[in-house]
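Each chain, written out:
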Amino acid sequence: MREETPETVYTPPIIGPGHNYRTLTEKISGIVLDRKAPIEWFLLFGVGFIGSVTLLFALIYLLARGVGIWGINIPVGWGFDIVNFVWWIGIGHAGTLISAILLLLHQAWRQSINRFAEAMTLFAVTCAGIFPMFHMGRPWFFYWLLPYPNTMGLWPQWRSPLVWDVFAVSTYLTISLVFWYIGLIPDLAAFRDRARNRYARAIYGIMSMGWRGAARHWHNYETLYVLLAGLATPLVLSVHTVVSFDFTVSIIPGWHSTMFPPYFVAGAIYSGFAMVLTLAIPLRKLYHLEDLITMRHIQNMAKLMLATGLIVGYSYIIEAFMAWYSANPLERYVMINRAAGPYHWLYWALILCNLVIPQALWSRRVRNNVVAIFFIALVVNVGMWLERFIIIVVSLSRDFLPSSWGMYYPTIWDWATFGGTIGLFIMLFFIFIRVLPMISIFEMKQIIDKPEVSIE
Amino acid sequence: MKTRSLLYGFLVEFANSETLKEGIRQARREGFRKMDAYTPFPVEGLHEELGIHYSPVPLIVLTGALIGGIGGAFMQWYSAVLDYPINIGGRPLNSWPSFVVITFELTILFGGLFGAFGMLAVNGLPKPHHPLFNEPRFDLVTQDRFFLCIEATDPKFDHEKTWRFLENLKPEGLYAVHDLP
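Bear in mind that the values here come from a model prediction, so they are computed numbers and not experimental data.

(A) Just the environment of B:Leu59, in detail. Note on placement: B:Leu59 falls in helix 4 (residues 57-83). Here B:Leu59 falls in the exposed class, since its relative accessible area comes to 52%.

If you want it as structure tokens, here you go:
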């Protein structure tokens, strides 16, 4: 151990030196308007495209043959589809946390990561939505979930958490989209004014709705922005709460627990920050954004990941304690089954990924090492996926009567659909960074306009 | 004079938000009221310098949220109690705790949508064409320049006097903006 010198406690700034309004505009909009896409862009887009085509193929085959091509059966009726749904929805949460909660808390460092984190939210929720939609078996009847006047004289079942989930997720997607688009308008206007290509100018012009930066407009705009943040904050906490209701309201051992809502929300933010870091670290390298997405951002997100990871770890421990303390043999068996049952290796992999490896972030040396943080973020992504698998599949596979137990094995189609959504996510994300400002230009200018806001 | 009738206003260019604010203060002291400032990002306190203290947006959001919340609660109550009552295990028809989630979600949904569309409507957007876009320098408003426009409809607006007043502000640029190019 070397001694702590002032150099090691140095906190990096949230914006590199030497930036003014013009350099910020040129740097961020130049990625789209002036420079050709780097070769890596084509490679990653290509990977995403192949994944998306795989997804399309898997879904078409699913529609032709039915959900029997998946590994789900009785007793495990919720397999990869619901695991992946919860995983993707959770990933979205960090975007809203960064854009809404950190805005309300006046965290100036959020400004350079909120835009692409919000885009990540949108794409993650899109991927999430695919799973329950196709799990329905007859997705063309999805509108039966909505209250609309129909000749059958029926209404949705308001007492069902699954109907709550429809409302929660669709509201989340809509509000995230609105928040993201409203935030984009001034930057689209900047693109309109800088674009030299006639068509680009016209398209950005239409999308920016004729924004001209009037003080009157900014006043209404900022008022709305803060109000939307205020609405999105309880919304984001409610979404994973409602997702957890899908489980807690049932009576399956391991699911029927009052701890689930906060545990799910913490896990969602944990996995979300892991995904933001997974995206931010290669992006800043690829587009040389180290002066806009600085080590400060990486470190702050790593700290938030560590903090939410500790809440998640605490939940694992309380879950085990409550299983014992409840004195309920079925609840106790759930824990024994997780740790020593047929899926035990997944449980221990989960503990390793979510509880053990992220503890490395306590070390300042690790938090200064981008590669290490990237690796930990990937591990957490895997860990959070395993968590959902264990909650859903392991509980369902052995519920009450041993005579009704059964194993779940995913099929090639489960993997193709899951991998396909990852591809779709990558493709959408790379289209986004090619055509839209991935960092909020006007909010970055606000930072350098107010030097009294601590940049250090 | 034909051009005069098409004059939208005089546009003054500043290099930063401080000189812009100073320009606004002087113009207000001169008695101009029909003017607006244009900036690349929201400048704190700028609307107050211009005498704008009120935004209808919070009221619009509240209206939307109330419509969503009350409408959502009513919809569930109406369908569960009046239109399609089902007795499930003798539980009350108006099982309101189950209705909380959807009521909450609809409150947020309608509040947010009303706010977003309301903000655009209050600002008169989308408006793809505006006389100010006729001035090529105005392209910089989304980059690094700060503008103040005194509109020709202001009762105190006078072609020569206003121009001379604006020249005295020592701006980076001064342009007459016309409604048609």
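(B) Fine view of the sheet that holds strand 2 (residues 35-38) of chain B. All names here are of chain B. In spatial order, the strands read 2-3-1-4; together these 4 strands make up an open sheet with antiparallel pairing. The two strands at the open ends of the sheet, each matched to only one other strand, are strand 2 and strand 4 (173-178). The sheet shows a mean angle of 20° between the axes of neighbouring strands, taken without regard to direction. As paired strands, strand 2 and strand 3 (residues 146-151) are joined by 4 bridges and run antiparallel to one another. By the bridge assignment, Met 35 is partnered in strand 3 with Ile 150. Against the sheet, helix 2 (residues 17-30) engages strand 1 (7-14), strand 2 and strand 3, with an angle of about 15° to strand 3.

(C) View of the interface of chain B and chain A. Taken together, the contacts link 65 residues of chain B with 56 residues of chain A. For the chain B and chain A pair, buried surface summed over both sides reaches about 5300 Å², with 67% attributable to carbon and sulfur atoms. When the area that chain B buries against chain A is broken down by residue, the three leading residues are B:Phe41, B:Pro42 and B:Gln143, summing to 12%. The tally of links from chain B across to chain A stands at 3 salt bridges. For the salt bridge of A:Arg22 with B:Asp144, the shortest nitrogen-to-oxygen distance reads 2.9 Å. Only strand 2, helix 3 (46-49), helix 4 and helix 5 (100-122) of chain B provide two or more residues apiece to the side of chain B that touches chain A. Of the residues forming the side of chain B that touches chain A, the biggest block, 15 residues, is contributed by helix 5 of chain B. Residues belonging to the side of chain B that touches chain A are distributed by class as follows: 42 nonpolar, 16 polar and 7 charged.

(D) Highlighting the packing of helix 7 (residues 215-248) of chain A against helix 5 of chain B. It is at 10 Å that the axes of helix 7 of chain A and helix 5 of chain B come closest, and there the two elements cross at 155°. With respect to helix 5 of chain B, the element helix 7 of chain A is oriented roughly antiparallel. When the axes of helix 7 of chain A and helix 5 of chain B are compared, the crossing they make is left-handed. Where helix 7 of chain A abuts helix 5 of chain B, its residues A:Asn220, A:Tyr221, A:Leu224, A:Leu228, A:Leu231, A:Pro234, A:Leu235, A:Ser238, A:Val242 and A:Phe245 lie against B:Val101, B:Phe104, B:Glu105, B:Ile108, B:Gly111, B:Gly112, B:Gly115, B:Ala116, B:Met119 and B:Val122.

(E) Focus on the pairing of strand 1 of chain B. Residues and elements named next belong to chain B. In terms of burial, strand 1 is largely enclosed, as 8 of its 8 residues are buried. Where strand 1 meets strand 4, 6 bridges bridge the pair, whose relative direction is antiparallel. Counterpart to Leu 7 in the pairing with strand 4 is His 178.

(F) Seen up close, the domain arrangement of chain B. Considered domain by domain, chain B is made up of domain 1 (2-53 + 129-178) and domain 2 (57-122). The distance between the C-alpha centroids of domain 1 of chain B and domain 2 of chain B comes to 45 Å.

What counts and what doesn't
- Residues numbered from 1 in each chain as written.
- Chains lettered and ligands numbered in written order.
- Predicted model: local features only at pLDDT ≥ 70, side-chain atom pairs only at ≥ 80, totals over all residues.
- Heavy atoms only, no water.
- Helix = DSSP H or I, 4+ residues; strand = E, 2+ residues; numbered from the N terminus.
- Buried < 20%, exposed > 50% of the residue type's maximum accessible area, 1.4 Å probe, protein only.
- Pairing = 2+ DSSP bridges.
- Axes fitted to C-alpha atoms, helices over the stretch in contact; angles between N-to-C directions.
- Contact = heavy atoms within 4.5 Å.
- Buried area = accessible area lost by both parts, 1.4 Å probe.
- Salt bridge = Lys/Arg side-chain N within 4 Å of Asp/Glu carboxyl O.
- Nonpolar A, V, L, I, M, F, W, Y, C, P; charged D, E, K, R; others polar.
- Parallel < 35°, antiparallel > 145°, perpendicular 65-115°, else oblique.
- Left-handed = near helix turned anticlockwise from the far one by under 90°.
- Domains from an automatic or database assignment.

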